[in-house]
Amino acid sequence: MKKEFVYLGILAVLMLALPAVAGPYWLSVATLILYFAYTGQAWNVMMGFAGQLSLGHSLYVGVGAYAAGAIFFHYGIGPWAGLWVAMLLCVALGLVIGFLAFRFGISGVYFALLTIAFAEFTRIGFDHLDWLGGPGGMFLKVAQRDTWDVLNFRGPPLMYYYSMLLLTALAFLGCYFLLKSRAGYYWQAIRENEEAAQALGINTFRWKMAAVALSAAMTSISGVFFAFYYNNLFPHEIFSMNRSIELILGPVIGGIGTLFGPIFGAAVLTLLSDGITEALAALGWEIPGIKQVFYGLVLLAVVMFLPHGIWPAIAKRLKIRA
Amino acid sequence: MNRRNFNRALAASAALAAVPYVRAQSPKLKIGVILPKSGYLSFIGQSCQKGADLAPGVIRDLLGVDIELMNADFESNVDTARTRAERLIQEGANVLVGPFDSGAAAAIAQVAEQRGVPFVINIAAAPQITEQGYKFVFRNFQTAGDIVRNGLALMGELFQATNTVPRTAVFMHVNDTFGQAMAKGIGAFMPRLTQLPFKIVDTISYDPAAKDLTVEVSKAKAANADFLMLVCRLNDAIILRREMVKQRWNPMGIVSPGSPGMYEEQYFKALGKLSEHSISNVPWYNPNAKLTKVVEKAFLKQNPKDKLVFHGLNAGFTFEAILVAADAYKRAKSTDAKTLADAIRQTNITEKMTLGGPIKFNEKGQVEGIGSACVQNLNLTPTVVLPTNAATAKPVFPAPYYKK
Amino acid sequence: MSVDLVANVVIAGVLTGLVYGLMALGLSVIFGVVRVVNFAHGEMMTVAMYAATILFAAFKLDPFLAMLPVAALFFVLGYALQAGLINPFITRPEHSQFMLLVAVAIVMVNAMLMIFGPDARNVQLDYQLESFEIGKILIDKARLYAAGAALVAAAALFCFFRYSLTGKAIRACADNYLGAKVVGLNVKKYYAFTFGLGSACVAVAGCAMALLVDVTPPLGPYYTLLAFVIVIVGGLGSMTGALLGGVLIGVSEALAGLFITPSAKSMFSFGLLILVLLLRPQGLLGRR
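Note that this is a predicted model, so its numbers are computed, not measured.

### Considerations on the overall build of chain C
Helix and strand counts for chain C come out as eleven helices and two strands. Each helix (α) and strand (β) of chain C, taken in turn from the N terminus, gives the series α-α-α-α-β-β-α-α-α-α-α-α-α. Taking 19 Å as the expected radius of gyration for a compact globule of 288 residues, we find that chain C reaches 19 Å, a close match to that expectation. Looking at chain C as a whole, 64% of its 288 residues qualify as buried. Within chain C, residue pairs in contact and separated by at least 24 positions form 77% of the contacts whose partners lie at least 6 positions apart. When the accessible surface of chain C is summed, it comes to about 10,600 Å², and 69% of that surface belongs to carbon and sulfur atoms. Taking the average place of the 17 positive charges on the side chains of chain C and the average place of its 12 negative ones, the gap between the two points comes to 17 Å.

So, in structure tokens, the structure goes:
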């Protein structure tokens, strides 16, 4: 136990001190890593804890982003209020999907396809909603401030970095305590063998719904961050299947169900993607598509040889719990 | 850690980041060229790159200034656009040029503004980009509104020049960022342009990713309009044209008030004779301009098997964006970002290759008065038929395949 | 809205739907038997389309004639893919399978981009632009022929599964994995065979589609999703279901495009998918 806290402590200090040594480019990369780490962790709650494979998670990112964005765009109300609307909407959406799925006994691949269908349906739907900008996108008014305007979530890149760091840390801690709590045990029981869990008297329906709701809520915060960091939203981008896949790459590579897996996975993937681009540029191989081929091959290798993700393997080496 | 220390740390990192700029008082101007070289925009990105690649040579001859291009591919993805921009700035780019896509342009603009590095947009039509009050973002291209206004006006000229009076049009457009902006523009400008003889009898929007446009064309054909007004992209333009033949729909012509697709090389390759007589009213280069001839020669040297005319819009505007950067550098005599930005603001280039007035940025960083041309596909080549001072052939309307 | 407009649109929808159905057929066979979520299905179809265009460019080979060699090639490749890469994953959790095939799909799409570039490629035959005229109805020639090929291929597959020994063995493996093993069937071999068969199906569908659509690398993911929608709607493991699902999607999209706005027609398919998943998850003709 002690070892893990030591490592975590060191990591925390490193992350806090990062901006002092990193240039703006690396800061933006780090922010991106944290974004994927956090969102991956949110997805992990549904998958890793309750065993429900969601392949349409971009739905929550998008709805969250548009909710907070629209409120800011049309009414000038800051993200702290918009955050609650975003969470509420996403939780409602998640509950609807969960209800429809679980009541009708849909699981596994069918559930995954259901989530994809909802995401795609919403994507095309948003393309036709003029109030939200339609396919032309929603552009939030950008105000470059050198000071930290926390109320409106506007400021230098440093602010975004620390916010994302805070979110990721909170998510990590939150999940840690959740896993140790009764909810955590129920979830793991459901994940391992739902029928047995039910036989033991666990209300599987209620707990699955709780996992879905929590995951949706956490992901919606991710969406709100996205809206105010990038300041422009397009339905075909934010709801796309590509984004859904992007979100889950981190946890899958890192290790589903583990606490640190999504964070590790996000770091590895982002750095890998960057590294490949640099290596290819250095070699002078400027063929479009070659980077993604390498990327895909690495993915393939990890999935084939390290099926539980990279992190558990490393954790074993370091002799700490995943 | 209190606020003061934070600010100090911030200032320290900013100073550290600024060091490269101070050091780079080298004679070469470093221009970061961000284009979509992979992903769904790859064909256009590569087309733009051709315009960039010939720039250093031409500009050295023209202005006596040395520039170095730093190419980056944002993979038709907005996130990547942002990180690539950051990376280029990190590696010492003094100016950014790109990106063709409005979403990416918005993302890069933010980065440029934040880091105080000038960004010259080659092609992007979303009006909002120059409405944000940015001080470092410049656009030498028409906004969607301008494109529509010029496009519709050219239509009027086309009908006058060919003595035709079409009464009805069916309007088809892609349902994406660009198509929607154009549709809005048309909705706004049509009622004002009373000299146009036609009315739009039906509007049909379609998915740019659709592979099958049977339903859309059936609907359009059923509207029984005189001609087809089309805002499209390359792939759907090809599909539409073929579908029109299959459904035996032969209107007076296909006229675009301003969109890519029908003048691109792939359109001709895929459709052969069927590509004839389609018309696009787009920002274009002036075939008779002095600079055009120079650029054309350089283009042929680098691409002996290709013709500039197929890359007119893409290569032309990309080249001009780089020209703007180089010209500013010549006047500023420094690669310092702020000095460059100020110099760009003072730009007044009259000797240019695209149509319209001189390259001069207004206080929003937008160039006004960029012209459009009526480009018709004649003899398997996009040919400027209007305005008459830039034309190399006469317009043909209605098309020979027209059946009443 | 005139009757012939609707009729024209519906007929086109049916014909295109049949080709989609053939593509989905391959997936239904694979999914129904091997139970693997082949997320690279659309990408395989795209490769088949490229194969058809290459054969046309090199030998002026009509895609209909190209169907046989391409199908044979794909059978071999599918067999190899299953035996080599996918077999160990059958017992692994679904998300693992999914990620494996997503990775395969990413490699495929981008390899195609590297090799063929982003330009659209196509086949250019005269009859592609011709249509049969029956009164006010215009039937696209190429579409009709493609749909015909789809029906023939589907019928062949159906006969194979009904009447041949291998076909029956495969169905046994699908119905009862343990039981099949008990009676001594080499299940792994049959799985590979089935994957090969499904791939051959996709190959035929790809050649047919090459007549109707220009091929670009991003088509892959689009078709993968479409195939899944059709298979779910039509019913897993049912061949007639796959064809029916294809036709249904084809027609519903056409009608949605006609009466509502064309740009939202895909929304309709996904809505249909959601409804089917909720109300009748085994699909219209599937068995539970």
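### Description of unusual backbone geometry
All names here are of chain B. In this model, G98 is joined to P99 through a cis peptide bond whose omega is -20°. Inspection of the secondary structure assignment puts P99 in the loop between β3 (95-98) and α5 (102-115). With an omega of 0°, the peptide bond between F397 and P398 qualifies as cis. In the Ramachandran plot, R248 falls in the positive-phi region, its phi being about 55° despite a non-glycine side chain. Mapped onto the secondary structure, R248 falls in the loop between α9 (234-246) and β9 (254-256). Judged by relative accessible area, which is 37%, R248 ranks as partly exposed. One non-glycine residue, N379, lies in positive phi territory at about 55°. Structurally, N379 can be placed in the loop between β11 (372-378) and β12 (381-386).

### Some words on the sheet that holds strand β6 (residues 168-174) of chain B
Residues and elements named next belong to chain B. Pairing is mixed in the open sheet, where seven strands are placed in the order β7-β6-β8-β9-β10-β11-β12. The open sheet is flanked by β7 (199-206) and β12, the only strands paired with a single partner. The sheet shows a mean angle of 30° between the axes of neighbouring strands, taken without regard to direction. Bridging between β9 and strand β10 (residues 279-283) involves two bridges; their strand directions are parallel. Among the inter-strand pairings, S256 is bridged to a residue of β10, identified as S280. Seen against the sheet, helix α7 (residues 177-189) touches β6, β7 and β8 (227-231) and runs at an angle of roughly 150° to β6.

### Some points on helix α8 (residues 187-210) of chain C
Between its terminal C-alpha atoms α8 of chain C stretches 34 Å, which fits the 34 Å expected from 24 residues at 1.5 Å a residue. Counting buried positions along α8 of chain C gives 21 out of 24 residues, so the element sits mostly inside the fold.

### Quick notes on the nonpolar core
By size, the foremost hydrophobic cluster in this structure holds 216 residues, and its most contacted members are F39, V70, M209 and Y223 of chain C. Per-element accounting of this core gives the leading share, 17 residues, to helix α2 (residues 24-49) of chain A. If we skip the residues at most four places from it in the chain, V70 of chain C touches A48, A51, L55, A203 and C207 of chain C. The next biggest cluster of nonpolar side chains, apart from the first, holds 121 residues, and it includes V148, I254, A343 and F361 of chain B.

### Concerning the interface of chain B and chain A
On the side of chain A, 42 residues touch chain B, which itself brings 35 residues to the contact. Counting each side, the surface lost to burial between chain B and chain A is near 3,400 Å², with a carbon and sulfur contribution of 49%. Of all residues in chain B, D79, R87 and Q132 of chain B give up the largest surface area on contact with chain A, accounting jointly for 16% of the area buried on that side. Scanning the region where chain B abuts chain A turns up two salt bridges. Our count for the chain B to chain A interface comes out at three residue pairs in polar contact (both at pLDDT 80 or more). Residue assignment for the side of chain B that touches chain A shows that the elements contributing at least two residues are α1 (3-23), α4 (78-90), α5 and α7 of chain B. The element that contributes the greatest number of residues to the side of chain B that touches chain A is α4 of chain B, accounting for eight residues. Split by residue class, the side of chain B that touches chain A holds nine nonpolar, 13 polar and 13 charged.

### Section: the interface of chain C and chain A
With 38 residues of chain C in contact, the opposing surface of chain A contributes 38 residues. Buried surface at the junction of chain C and chain A, summed over both partners, amounts to about 3,500 Å²; 85% is from carbon and sulfur atoms. When the buried surface of chain C facing chain A is broken down by residue, M99, M267 and L278 of chain C rank first, second and third, together holding 18% of it. Our count for the contact surface shared by chain C and chain A stands at zero salt bridges. Connecting chain C to chain A are zero residue pairs in polar contact (both at pLDDT 80 or more). Considering each element in turn, the side of chain C that touches chain A owes the most residues, 15 residues, to helix α4 (residues 94-116) of chain C. Split into classes, the residues belonging to the side of chain C that touches chain A amount to 29 nonpolar, seven polar and two charged.

### Concerning the state of the cysteines
All chains considered together, the criterion is met by zero disulfides over all chains. Among the cysteines around C48 of chain B, which has no disulfide bond, C232 of chain B carries the closest sulfur, lying 17 Å off. No disulfide involves C201 of chain C; its sulfur sits 12 Å from that of C207 of chain C, the nearest cysteine. Its relative accessible area of 6% is what places C201 of chain C among the buried residues.

### Some details on the packing of aromatic side chains
Taken as a whole and assessed by the stated rule, the structure comprises 43 aromatic pairs over all chains. Ring centres 5.0 Å apart and planes at 80° place the aromatic pair F198 of chain B and F227 of chain B in the edge-to-face group. Of this pair, F198 of chain B sits in the loop between α7 and β7 while F227 of chain B sits in strand β8, placing them 29 residues apart in sequence. Its relative accessible area of 3% is what places F198 of chain B among the buried residues. Residue F227 of chain B is classed as buried on the basis of its relative accessible area, which comes to 0%. Here F160 of chain C and F193 of chain C contribute two aromatic rings whose centre-to-centre distance is 6.0 Å and whose plane-to-plane angle is 15°, an arrangement assigned as stacked. A residue pair is termed long-range when its members are at least 10 positions apart, and F160 of chain C in helix α5 (residues 141-163) and F193 of chain C in helix α8 qualify at 33 residues. Linked through ring pairs, Y35, F36, Y160, F225, F226, Y229 and Y230 of chain A together constitute an aromatic cluster. The ring of F102 of chain A is capped by K208 of chain A, whose NZ or CZ atom sits 4.4 Å from the centre of that ring. Positioned above the aromatic ring of Y190 of chain C is the side chain of K189 of chain C, whose terminal nitrogen or guanidinium carbon lies 5.6 Å from the ring centre.

What counts, and where the lines are drawn
Residues numbered from 1 in each chain as written. Chains lettered and ligands numbered in written order. Predicted model: local features only at pLDDT ≥ 70, side-chain atom pairs only at ≥ 80, totals over all residues. Heavy atoms only, no water. Helix = DSSP H or I, 4+ residues; strand = E, 2+ residues; numbered from the N terminus. Rg over C-alpha atoms; globule rule 2.2 N^0.38 Å. Buried < 20%, exposed > 50% of the residue type's maximum accessible area, 1.4 Å probe, protein only. Contact = heavy atoms within 4.5 Å. Areas by Shrake-Rupley, 256 points an atom, 1.4 Å probe, with all protein chains shown as cover. Lys, Arg positive; Asp, Glu negative; His and termini not counted. Charge placed at Lys NZ, Arg CZ, Asp CG, Glu CD. Pairing = 2+ DSSP bridges. Axes fitted to C-alpha atoms, helices over the stretch in contact; angles between N-to-C directions. Expected span 1.5 Å × (residues − 1). Core = buried A, V, L, I, M, F, W, Y, C linked by side-chain atoms within 4.5 Å. Buried area = accessible area lost by both parts, 1.4 Å probe. Salt bridge = Lys/Arg side-chain N within 4 Å of Asp/Glu carboxyl O. Polar contact = N/O pair within 3.5 Å; in protein donor to acceptor, adjacent residues only side chain to side chain. Nonpolar A, V, L, I, M, F, W, Y, C, P; charged D, E, K, R; others polar. Disulfide = S-S within 2.5 Å. Phe/Tyr/Trp six-rings, centres within 6.5 Å; stacked < 30°, edge-to-face > 60°. Lys NZ or Arg CZ within 6 Å of the ring centre and 35° of its normal.

Geometric descriptors of this kind do not, in isolation, establish any biological role.
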